[in-house]
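Results of the structural survey
Read off the chains here:
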Amino acid sequence: MELITNDKDKITWHLACRAEDVPEDGGACALIEGRQIAIFNFTRRNEWYATDNQCPHRQQMALARGMIGSQLDEPKVACPFHKKTFSLRDGSCLSGDAYRIETYPVRVKEGLVYVGL
Amino acid sequence: MKTSKRNRVVVVGNGMVSYKFCEKLIAKTNGSVEFSVTVFGEEPRAAYDRVHLSAFFSGQTADDLALASTEWYQENGIQLHLSDPVVAIDRERQEVRSHHGHIVPYDYLVLATGSGAFVPPVAGVEKEGVFVYRTIEDLELIQAHARKARRGAVLGGGLLGLEAAKALLDLGLDEAHVVEFAPRLMPRQIDAAGSEVLQRQLEALGLHIHLSKSTQQIVGTESIEALQFTDGTSLDVDMLVISAGIRPRDELAKAAGLATHPRGGIVVDDFLQTSDPAIFAVGECALAHQMIYGLVAPGYEMAEVVASRLCGQEKAFAPFDMSTKLKLIGVDVASFGDPLAEEPGCRTIRYENRAKGIYKRVNVSADGKELLGGILVGDAEQYNMLLQTCKNKMVLPPNPEDLILGTRGGEEAATGGVLGLPDDALICSCEAVTKAMICQEVTERGYTSVEDIKKANKACTGCGGCTPLVKDLIVGTMKQQGVYVRNVICEHFAYSRQELLDLTKMNNLRTYNEVLDAFGHGDGCETCKPLVASVLASLWNENVLEKGRATVQDSNDRFLANIQKGGTYSVVPRIPGGEITPDKLIVIGEVAKRYGLYTKITGGQRIDLFGAHVSDLPRIWEELIAAGFESGHAYGKALRTVKSCVGSTWCRFGVQDSVSFAIEVEDRYKGIRSPHKLKSAVSGCIRECAEAQSKDFGIIATEKGWNLYVCGNGGSKPQHAQLLATDVDKETCIRLIDRFLMFYIKTADPLTRTATWLNKMEGGMRYLKAVVVDDVLGIGEELEREMQGLITAFKCEWKEVVENPELRKRFTHFVNVPEVKDPTVDFAEMRGQKRAKEWA
Ligand code: SRM
Ligand SMILES: Cc1cc2nc3c(=O)[nH]c(=O)nc-3n(C[C@H](O)[C@H](O)[C@H](O)COP(=O)(O)OP(=O)(O)OC[C@H]3O[C@@H](n4cnc5c(N)ncnc54)[C@H](O)[C@@H]3O)c2cc1C
Ligand code: SF4
Ligand code: FES
């Protein structure tokens, strides 16, 4: 996999997939450096997000299969298992539980999606 | 406050109650500088939310738990000294001295020193790997040690102990044990039967529970290695959390010569005054009414009482209700009033459902008029209502068992109950908000959302337990005022499902985004997306995965399979009427073997194949479809099965060919999307072997034709179907079902089965009959036409996926390495097949 390193903020950008691999207003999971990363193509807002694929509630590898949407203006994803919802911006749990997921920066260039780990 | 110069207040301790006291004092003096307040805290950080301390282990930081920032204290002119405990009180000179040598004079001194963990005198408690569970620092130590530990135990099976045990599981220990001295869990809150049900639930979640165990010694050279019990047994562990009760921090008060109780606690009167009138004690260090209130809500009430008194208001601290409701590792447990009241002073009513892990008990006064208390384990939905009934001494219904079994009369009864509460009923005990205060916000200020109420009077902002009650009160009050309460979908759509269906149809909208752009706002959510998806499917019956519709489906619909524990999916091919040829059975067997699937005959007369990886689904279906199978829609809000009995073709009692009719009915309605799933059955005679009267629509053969029953339901609240038509011929029967189903599809709320839909319908069965059979609305033909449209549009969606490479490629776990399966999927073996691994 191609690596682009950005020394300034110590983020390593990894090529994850093609933009068209991620369904519009939905997510897909990519295997990056042995980690499962959920990537979301929030077409309605023209935004991309990346988070852990694992839901902290029952440790299910499922967030990429969740529905995305918004709460007030906060972009969010709902885990398909028990519908815990998480902010795509900062990973906080919006359904009132004390969970948090990691979020990662995303860049889309020339139809390719890069995630910073 | 009156023009008194006595305005120097010193608070010792900066815990939850100390913070609440400051907040209340500031609010009451309205920001003017009438008091000069100094707070000393022993801990290094300003007051934080101890109640949600365990959240620290699920990723919350100390900052997330903070109740207020140090800036808040500054802005409000409060001197805050952290990491600086008060070490002495000079009552003569009315001043305190801190560890760092600050000497501060006071006119009023408020002791809010809380409590510490009680550590029983067991040999070896000083060993490495033994912890208490009280502060953020304790948790940091536990977390660090857990990294190298495998087996942990908690000493104490009370409320806090079980919470600590959950934390051990969350920290990833291989084994978590709970050791309790008493013969049952939570001995103060629940009885033996409740404890047994709770124990079984907790064990199923992976906790090991040891009751009636008295610990003699903690064994180990430097670090803990085992617990030695007095009965000669022992338990190997490499860490221990002691949670055996609390001990009020009264040492400072004692040294200053204030009255304290031999078993701990600073003695206070009803005004929370200690034996020195200038000194108050609040929170968990205070012994009021001969007891320590170990909960935060009474502590907050104490803060209110003292703050009021300093401002010159008369207020006393009344005995406080100790009812609690909590969720332990996902199991609801609640107790209220006097949970353990015994006969003969009262009558107890118990309900137990071991299979579901539910136990409920209510204690009713001997004359049957009053609710004294009770216990709920496994299902605490009725907690708020029961608590209110108990606290307000409301007169009980003639059959008090309705309290825990439900009135079986539907939701109306429940909401009617809330409005029946007296005005001064305390709804939110954390913030002391009464029913009248909430209703007033609704009637006078027109507030209609929980968010509004939160801002207005802080109800629901503490533990949150009262939120459902507040919602009911808002809706009830609005209805009482004659306000039409709109049943809107969510923040993105201000319409009911029925309204949105009509709008979508009139405007010929075909995708979620079109509907959102036309009638909604924002970006949608997991409530409105599947709802709109279902409406679109009910209207047009186009493939649910096309035109951007895939990502608005619930996961089951999106992958055309039910998701299971562990992230695999199940495969349920349609077997109409339950009839299947030997050849087809063989194909199912072969497919299951090839893809390593668990097979089971379902309760719906067909076969479920479990444990398929998402990337195997298209191949599995390809093989099934080649053998003539179709999707069984087990994943959709759609027709599931039409069960049949064997009927007149073989059965000596059968009067009609029930299998043929069942197959015909199943083929007719397969694939149609509806507000909830649909089930049906056809029996060949009155013996009813197909259980048609428990179905959404059921058909029973008669000598002259068929009887049609509708709106039956199995599930958690079973309900018998009701007779819609008698002795009709097949064609009439089908026509009535067409109308019935289409009427349901067009008017029901989301996720409402036909039985619930009927229960909510004004006029009930008489009205339904008038619409469907007598066609009083004149829509019969239209309904039939619409149903025919759906039937004609049917295509097996799995066949379309298998044949469409674009749709097919979405069935992968990793987009960048489609051939790799999710490595975290894991199975266990059972009776020669596999099963999903237990939740972590
Ligand atoms: C497989 C099966 C159990 C079995 O091994 O026999 C089953 C399995 C599930 N049932 Fe069921 N139900 C099964 C027959 C039933 C029956 C009996 C029947 O249909 O004759 C009932 C009671 C009858 C009724 O529905 O009125 C039943 C009442 C429920 C309910 C409660 C519905 C209600 O109205 O309260 C749910 C929950 C829901 O739908 O919201 C449910 C939900 C489920 C789900 C879909 C739970 C889920 O979302 O994961 C299970 C999916 C299993 C899977 O992964 O494939 N299942 N379920 C049965 C499949 C029948 C079939 O061939 O399609
Ligand atoms: C893990 C856990 C879970 C809980 N869950 C619940 C729950 O679900 N529901 C519920 O109602 N309650 C719960 N509680 C209890 C609740 O946290 C307490 O009732 C509440 O914190 C009491 O507040 P307080 O201010 O009296 O004491 P604390 O919050 O303990 O604050 C007292 C503070 O005073 C400090 N202090 C002591 N001596 C001095 C001194 N000489 N000088 C300066 N500072 C001093 C202490 O260090 C401490 O910071 C839980 C408690 C714990 C530990
Ligand atoms: S319902 Fe009647 S026909 Fe069907 S199996 Fe039972 S007895 Fe036979
Ligand atoms: S596993 Fe994600 S919500 Fe339960």
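Residues numbered from 1 in each chain as written. Chains lettered and ligands numbered in written order. Predicted model: local features only at pLDDT ≥ 70, side-chain atom pairs only at ≥ 80, totals over all residues. Heavy atoms only, no water.

We now examine the overall build of chain B. When its secondary structure is counted, chain B shows 27 helices and 39 strands. Going through the 840 residues of chain B one by one, you find that 53% of them count as buried. Contacts in chain B between residues at least 24 apart in sequence constitute 62% of all its contacts with a sequence separation of at least 6. If you sum the accessible surface of chain B, you get close to 36800 Å²; carbon and sulfur atoms cover 51% of it. (Helix = DSSP H or I, 4+ residues; strand = E, 2+ residues; numbered from the N terminus. Buried < 20%, exposed > 50% of the residue type's maximum accessible area, 1.4 Å probe, protein only. Contact = heavy atoms within 4.5 Å. Areas by Shrake-Rupley, 256 points an atom, 1.4 Å probe, with all protein chains shown as cover.)

All names here are of chain B. Taken together, 28 residues sit near ligand 2, with E42, E43, R134, E284 and V296 positioned nearest. Taking M16, its main chain carries an N or O atom lying 3.3 Å from an oxygen atom of ligand 2. V296 has a polar backbone atom sitting 2.8 Å from an oxygen atom of ligand 2. Listed by contribution, the elements that provide at least two residues to the shell around ligand 2 are α1 (16-29) and α5 (159-170). Of the residues contributing to the shell around ligand 2, the split by class is 13 nonpolar, eight polar and seven charged. Two domains each donate at least three residues to the shell around ligand 2, and these are domain 1 (7-116 + 248-310) and domain 2 (130-244). (Near = heavy atom within 4 Å. Polar contact = N/O pair within 3.5 Å; in protein donor to acceptor, adjacent residues only side chain to side chain. Nonpolar A, V, L, I, M, F, W, Y, C, P; charged D, E, K, R; others polar. Domains from an automatic or database assignment.)

Turning our eyes to something else, we now look at the pairing of strand β8 (residues 67-71) of chain A. Residues and elements named next belong to chain A. Summarising burial for β8: four of the five residues are buried, a large majority. Judged from the five bridges that link them, β8 and strand β9 (residues 74-78) form a sheet pairing that is antiparallel. Bridging across to β9, I68 finds its partner in V77. Following β8, the chain reverses through two residues before pairing antiparallel with β9; L72 in that reversal takes a positive phi of roughly 50°. (Pairing = 2+ DSSP bridges.)

On to the interface of chain A and chain B, then. On the side of chain B, 44 residues touch chain A, which itself brings 44 residues to the contact. Summed over both partners, the interface of chain A with chain B comes to about 3500 Å²; 48% of that surface belongs to carbon and sulfur atoms. Across the salt bridge formed by A:K83 and B:D554, the nearest N and O atoms sit 2.8 Å from each other. Elements that contribute at least two residues to the side of chain A that touches chain B include exactly β2 (11-18), β3 (26-32), β4 (35-42), β7 (60-61), β8 and β9 of chain A. In terms of residues, the side of chain A that touches chain B owes the most to one element, β3(A), which gives six residues. (Buried area = accessible area lost by both parts, 1.4 Å probe. Salt bridge = Lys/Arg side-chain N within 4 Å of Asp/Glu carboxyl O.)

Residue and element names in this part refer to chain B. By the criterion of burial, strand β36 (residues 706-710) is predominantly enclosed, with five of the five residues buried. Strand direction decides the pairing type here: strand β35 (residues 697-701) and β36, joined by five bridges, are antiparallel. If you follow I699 over to β36, its bridge partner there is L708. Hairpin connection, β35 to β36: the antiparallel pair is bridged by four residues. Two strands pair when backbone bridges link them, and β36 and strand β37 (residues 722-728) are joined in this way by four bridges, in the antiparallel orientation. Residue pairing in the sheet places V710 in a bridge with Q722 of β37.

This part covers the packing of aromatic side chains. Residues and elements named next belong to chain B. Under the criterion given, the structure shown has 19 aromatic pairs over all chains. Between the aromatic rings of Y669 and F697, the centroid separation amounts to 5.9 Å while the plane-to-plane angle is 85°, which identifies the pairing as edge-to-face. In this pair, Y669 is assigned in helix α21 (residues 658-669) and F697 in strand β35, connecting sequence segments 28 residues apart. F697 gets classed as buried once you look at its relative accessible area, which sits at 0%. The structure contains a cluster of three or more aromatic residues connected by ring pairs, namely F559, Y569, W621, W798 and F811. (Phe/Tyr/Trp six-rings, centres within 6.5 Å; stacked < 30°, edge-to-face > 60°.)

Next up on the list: the site of ligand 3. If you check the shell around ligand 3, you find B:C645, B:G647, B:C651, B:F653, B:G654, B:G684, B:C685, B:R687, B:E688 and B:C689 and nothing else. Here the shell around ligand 3 is built from residues that sort into five nonpolar, three polar and two charged.

Residue and element names in this part refer to chain B. Confidence in the prediction for chain B averages 89 pLDDT; 96% of positions are at 70 or higher. By mean pLDDT, the top-scoring element of chain B is strand β34 (residues 678-683) (98), and the lowest-scoring one is helix α11 (residues 411-419) (50). Here residues 407-416 is a poorly scored stretch, pLDDT under 50, and it has six contacts once near neighbours within four places are set aside; other chains count. (pLDDT = per-residue confidence, 0-100.)

Residue and element names in this part refer to chain B. Strand order in the open sheet formed by five strands is β22-β23-β26-β25-β24, and the pairing between neighbours is antiparallel. Two strands in the sheet have a free side with no partner beyond their single neighbour: β22 (324-328) and β24 (346-353). Within this sheet the neighbouring strands show an average axis-to-axis angle of 10°, counted without direction. The sheet contact formed by strand β25 (residues 358-365) and strand β26 (residues 371-377) spans six bridges and is antiparallel. Of the residues in β26, the one forming a bridge with V362 is G374. (Axes fitted to C-alpha atoms, helices over the stretch in contact; angles between N-to-C directions.)

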